[in-house]
Amino acid sequence: MDSKKWQYDINMLQDILKVAVKNKELKKNAPIELISNIIISQLYGMMLCWCMSNEEFNPKQWTEKFCNFQLKKYWNNILFRRKNEKN
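Draft legend 1. Structural context of helix α1 (residues 3-22). Between the first and last C-alpha of α1 there are 28 Å, a value that for 20 residues agrees with the 28 Å anticipated at 1.5 Å per step. Buried within α1 are the following residues: D9, I10, L13, Q14, L17, A20 and V21. Buried residues of α1, seen end-on, are gathered within an arc of 135° and therefore sit on one face of the element. Pointing more than 90 degrees away from the buried face of α1 are the exposed residues K4, I16 and K22. Lining the buried residues of α1 we find α2 (32-52). Following α1 by one or two positions, K24 has its phi on the positive side, about 60°.

Draft legend 2. Highlighting α2. Between the first and last C-alpha of α2 there are 30 Å, a value that for 21 residues agrees with the 30 Å anticipated at 1.5 Å per step. By the burial criterion, the buried members of α2 are I32, I35, S36, I39, I40, Y44 and M46. End-on, the buried residues of α2 take up no more than an arc of 155°, which puts them together on one face. α2 presents E33, L34 and M52 as exposed residues on the side facing more than 90 degrees away from its buried surface.

Draft legend 3. Structural context of the pattern of salt bridges. According to the stated counting rule, one finds 2 salt bridges in the structure shown. The partner of D9 in a salt bridge is K5, and the shortest N-O contact between them spans 2.7 Å. Here D9 pairs with K5, and both are found in helix α1, just 4 residues apart, close to one helical turn. When the shortest N-O distance is used, the salt bridge between K60 and E64 registers 2.8 Å. Separated by 4 residues within a single helix, K60 and E64 lie in helix α3 (residues 59-79), roughly one turn from each other.

Draft legend 4. Seen up close, the packing of α1 against α2. It is at 9 Å that the axes of α1 and α2 come closest, and there the two elements cross at 130°. Regarding the angle of α1 to α2, the classification is oblique. At the point where α1 passes α2, the crossing takes the right-handed sense. Across the interface between the two elements, K5, W6, D9, I10, L13, Q14, L17, K18 and V21 of α1 pack against I32, E33, I35, S36, N37, I39, I40, S41 and Y44 of α2. A breakdown of the residues in the contact of α1 with α2 according to their chemical character gives 10 nonpolar, 4 polar and 4 charged.

Cut-offs used in this document
- Residues numbered from 1 in each chain as written.
- Predicted model: local features only at pLDDT ≥ 70, side-chain atom pairs only at ≥ 80, totals over all residues.
- Heavy atoms only, no water.
- Helix = DSSP H or I, 4+ residues; strand = E, 2+ residues; numbered from the N terminus.
- Expected span 1.5 Å × (residues − 1).
- Buried < 20%, exposed > 50% of the residue type's maximum accessible area, 1.4 Å probe, protein only.
- Arc of directions from axis to C-beta.
- Contact = heavy atoms within 4.5 Å.
- Salt bridge = Lys/Arg side-chain N within 4 Å of Asp/Glu carboxyl O.
- Axes fitted to C-alpha atoms, helices over the stretch in contact; angles between N-to-C directions.
- Parallel < 35°, antiparallel > 145°, perpendicular 65-115°, else oblique.
- Left-handed = near helix turned anticlockwise from the far one by under 90°.
- Nonpolar A, V, L, I, M, F, W, Y, C, P; charged D, E, K, R; others polar.

What follows is the structure, encoded as structure tokens:
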């Protein structure tokens, strides 16, 4: 794997998440580095599964499942601001 590509993807996602914090879409103390590494790891893993399954694995379908399960159930209270909550 090209480590420059990995770092590029991590940095790009961190930049996106920092904008979300700035726009008060994510909590101020959101663990940006941790979140970025987890999400990029999941996406790279899905790409590997897609390649190894002769394209039978559906990354779009599993990305939706990942977001609905991981993000909503586990990260919702930690990351996302409620409308009436101060950052």
